[in-house]
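Coordinate inspection notes
Residue strings, one per chain:
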Protein chains: 2
Amino acid sequence: VQYKKEVKLNNGERIDSLERNGYGIIQNKDKFCFGMDAVLLSGFATVKKGGTAVDLCTGNGIIPILLEAKTEGSRFFGIEIQSEVCDMAKRSVELNDLSDKITIINEDINKIEKRTFGKVDIVTANPPYMKEFHGLKNPDDAKAIARHEIFCTLDDVCRVASELLPDGGKFYMVHRPSRLSEIISTLKNHRLEPKRVKPVYPYIDKEANMILIEAVKGAGVELKFEKPVIVYKEPGKYTDEIYEIYGY
Amino acid sequence: VQYKKEVKLNNGERIDSLERNGYGIIQNKDKFCFGMDAVLLSGFATVKKGGTAVDLCTGNGIIPILLEAKTEGSRFFGIEIQSEVCDMAKRSVELNDLSDKITIINEDINKIEKRTFGKVDIVTANPPYMKEFHGLKNPDDAKAIARHEIFCTLDDVCRVASELLPDGGKFYMVHRPSRLSEIISTLKNHRLEPKRVKPVYPYIDKEANMILIEAVKGAGVELKFEKPVIVYKEPGKYTDEIYEIYGY
């Protein structure tokens, strides 16, 4: 496969095709690989024509890259605290020649400054899902940092999203259903009112394992509980919905 | 059909079979008829052997009667504020000769006394779903009272459930998904932690129109998002799940 630009790959890295706009993404199974959660979130979020989107905890930049491909937004930002993972994201932006639309910033989300982004229309986040991390052997473990609330908590993510957004601005998050009750109370604490919930079931007869949430800053209480996403028809075989809507 | 005892029917009343234990229930389409929500709630709730269950806003007593039929609980209470509807419930209990197990009380849930019930294991509620009622023509309108928060609010229902339950006791409620965010924050305000959420979709490709919630008093935060209930396969035809699990 030929991508727009050539970039240097480090040890353990590979380029995977996104099967969309001819885009590729740099992955490293020891550091960061995107999952179905990022794909579903970027299908669930919408960016209006000319709009600006900020992705918190962007990892290898999968969400800004997919949003750039799928929407008519103009400006996309991705914030990632881990410098090595962030570097993968920056090189993926280069690989697809998207530097005029996507900016990747190596920063702690708790330290970013609102004025960096101009007017923000939406914020997205596929944050660490797990609350505590017992037995962390190596504090530099990139995968542990992506999965556990080591450098940012649910409250941080919601607070920062709310700070970046104007009233009426939208925050999209994918998270674990086991934390739904905390998620809803934390969003509300930051004036982010849940407006759409879409549960994701691996199979129709199993418990949900992900939840997609859209919250609107300063909105009234009234929520739509959307039709579920069912991921697999049978083991290894996606449902038509996943193939059709999400292009995988 | 022959029921256990004979009871007097008032104008506009009929007896419908519950197709379970030979039970019937008195209904009146101008006052109160039970819906799929009550049936699903009584399938979702569990009462342990010898346990006591209190149903708030019981209407014609459908939930205590179905729980008596489906569980090994010993004592069932139903509280209903509307005297005419409550009288239907009392006669349905008689009809099925269940007066030794089911007690129907004509009272405002805000005025009931905890000691009336002994140790309560679970509380159930299929409360009025709608927040406001504009244009109420007749304050005695039984159906309006069952549907709108005229005599009891979501907060009342959750507060009373919490008062009746010991720590570890379970509260089961069916409600509208549009109010999920309020429901979760109200439950938490009364130390009722949501533990199971089960969305009900009329069809698999439509928005959810009901949500079943189990909350446990004083429990930790961690929620199971159960497989969805899909009600209809095609218009007028229930899914196998509804036929099998709920017996209709």
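Residues numbered from 1 in each chain as written. Chains lettered and ligands numbered in written order. Predicted model: local features only at pLDDT ≥ 70, side-chain atom pairs only at ≥ 80, totals over all residues. Heavy atoms only, no water.

Things to note about the interface of chain B and chain A
Listed as interface residues are 26 residues of chain B and, on the opposing side, 26 residues of chain A. Buried area between chain B and chain A, both sides added, is near 2,300 Å², and the carbon and sulfur share of it is 67%. Along the contact surface separating chain B from chain A lie 2 salt bridges. Two residues, K224 of chain B and E207 of chain A, come together in a salt bridge whose shortest N-O distance is 3.9 Å. If you look at where chain B meets chain A, you find 10 residue pairs in polar contact (both at pLDDT 80 or more). Of all the secondary structure elements, the ones that give two or more residues to the side of chain B that touches chain A are helix 6 (180-189), strand 8 (192-201) and strand 10 (224-225) of chain B. Sorting elements by how many residues they give to the side of chain B that touches chain A places helix 6 of chain B first, with 6 residues. For the side of chain B that touches chain A, the per-class residue count stands at 13 nonpolar, 3 polar and 10 charged. (Contact = heavy atoms within 4.5 Å. Buried area = accessible area lost by both parts, 1.4 Å probe. Salt bridge = Lys/Arg side-chain N within 4 Å of Asp/Glu carboxyl O. Polar contact = N/O pair within 3.5 Å; in protein donor to acceptor, adjacent residues only side chain to side chain. Helix = DSSP H or I, 4+ residues; strand = E, 2+ residues; numbered from the N terminus. Nonpolar A, V, L, I, M, F, W, Y, C, P; charged D, E, K, R; others polar.)

Re a nonpolar patch on the surface
Residues and elements named next belong to chain A. Where nonpolar side chains cluster on the molecular surface, the patch consists of I81, I150 and F151 and spans about 220 Å² of accessible area. Relative to the helices and strands, I150 is located in the loop between helix 4 (142-147) and helix 5 (154-164). A relative accessible area of 31% places I150 in the partly exposed class. (Patch = residues over 30% accessible without salt bridge, like charges linked within 9 Å, V, L, I, M, F, W, Y side chains within 5 Å. Areas by Shrake-Rupley, 256 points an atom, 1.4 Å probe, with all protein chains shown as cover. Buried < 20%, exposed > 50% of the residue type's maximum accessible area, 1.4 Å probe, protein only.)

Thoughts on the relation of the copies chain B and chain A
By a simple turn and slide, chain B fits onto chain A: the slide is 0.0 Å along the axis, the RMSD is 0.0 Å, and the turn is 180°. Considering both components of the superposition, the chain copies are consistent with a two-fold axis. Ranked by how close their C-alpha atoms come to the rotation axis, the residues of chain B are headed by S185 of chain B, at 3.1 Å. With an isologous cut-off of 70% or more, the 100% of interface residues of chain B that recur at the interface of chain A puts this contact in the isologous class. (Least-squares fit on C-alpha atoms with pLDDT ≥ 70 in both.)

Focus on the pattern of salt bridges
Once their charged atoms are close, side chains differing in charge can pair, the charge on each being opposite to the other. Residues and elements named next belong to chain A. For the structure shown, the criterion picks out 46 salt bridges over all chains. Two residues, E226 and R196, come together in a salt bridge whose shortest N-O distance is 2.6 Å. Note that E226 is positioned in the loop between strand 10 (224-225) and strand 11 (229-230) and R196 in strand 8 (residues 192-201), a separation of 30 residues in sequence. Comparing E226 with R196 shows no difference in burial state: the two are buried.

As for the nonpolar core
Counting 70 residues, the largest nonpolar core has L56 and F171 of chain A together with L56 and F171 of chain B as the members making the most contacts within it. Beyond its immediate stretch of four places on either side in the chain, L56 of chain B contacts I79, I109, I112, V123, T124, A125, N126, V157, V160, A161 and L164 of chain B. (Core = buried A, V, L, I, M, F, W, Y, C linked by side-chain atoms within 4.5 Å.)

Side note on the packing of helix 1 (residues 36-44) of chain B against helix 2 (residues 62-70) of chain B
Pairs of packed helices are described in terms of their axes, by the angle between the two and the distance that separates them. Residues and elements named next belong to chain B. One way to put it is that helix 1 packs onto helix 2 with a least axis distance of 9 Å and a crossing angle of 40°. Between helix 1 and helix 2, the crossing angle belongs to the class labelled oblique. The element helix 1 and its partner helix 2 pack so that their crossing is right-handed. Of the residues in helix 2, those touching helix 1 at A38, V39, L41, S42 and G43 are I62, I63, L66, L67 and K70. Partitioned by chemical class, the residues of the contact of helix 1 with helix 2 number 7 nonpolar, 2 polar and 1 charged. (Axes fitted to C-alpha atoms, helices over the stretch in contact; angles between N-to-C directions. Parallel < 35°, antiparallel > 145°, perpendicular 65-115°, else oblique. Left-handed = near helix turned anticlockwise from the far one by under 90°.)

As for the environment of A53 of chain B
All names here are of chain B. Relative to the helices and strands, A53 is located in strand 3 (residues 52-56). Its relative accessible area of 3% is what places A53 among the buried residues. Residues contacting A53, with those up to four places away along its chain left out, are V47, L67, R75, F76, F77 and I122.

Notes on the environment of I183 of chain B
Residues and elements named next belong to chain B. Structurally, I183 can be placed in helix 6. Residue classification places I183 among the buried residues on the basis of a relative accessible area of 0%. In this structure the C-alpha to C-alpha distance between I183 and I213, which are 30 residues apart in sequence, comes to 9.3 Å. With near-sequence residues (within four places) excluded, I183 lies in contact with L154, M173, H175, R176 and I213.

A look at empty space enclosed by the protein
All names here are of chain B. One pass over the full model with this rule turns up 1 cavity of 30 Å³ or more. Of all the elements in the fold, those that place two or more residues in the lining of the largest cavity are strand 3, helix 2 and strand 4 (75-80). Of the residues forming the lining of the largest cavity, the biggest block, 3 residues, is contributed by strand 3. (1 Å grid on protein atoms, 1.4 Å probe; cavity = no way out; pocket = protein on both sides within 12 Å on 5 of 7 lines; lining within 4 Å. Points joined across faces, edges and corners; volume = space filled by probe spheres on them.)

Side note on the side chain of S92 of chain B
Residues and elements named next belong to chain B. Looking at where S92 falls in the secondary structure, it is placed in helix 3 (residues 83-95). Of the polar contacts made by the side chain of S92, one reaches the backbone nitrogen of I26; its length is 2.8 Å. Among all residues touching S92, those that are not within four sequence positions of it are I25, I26, N60 and I65.

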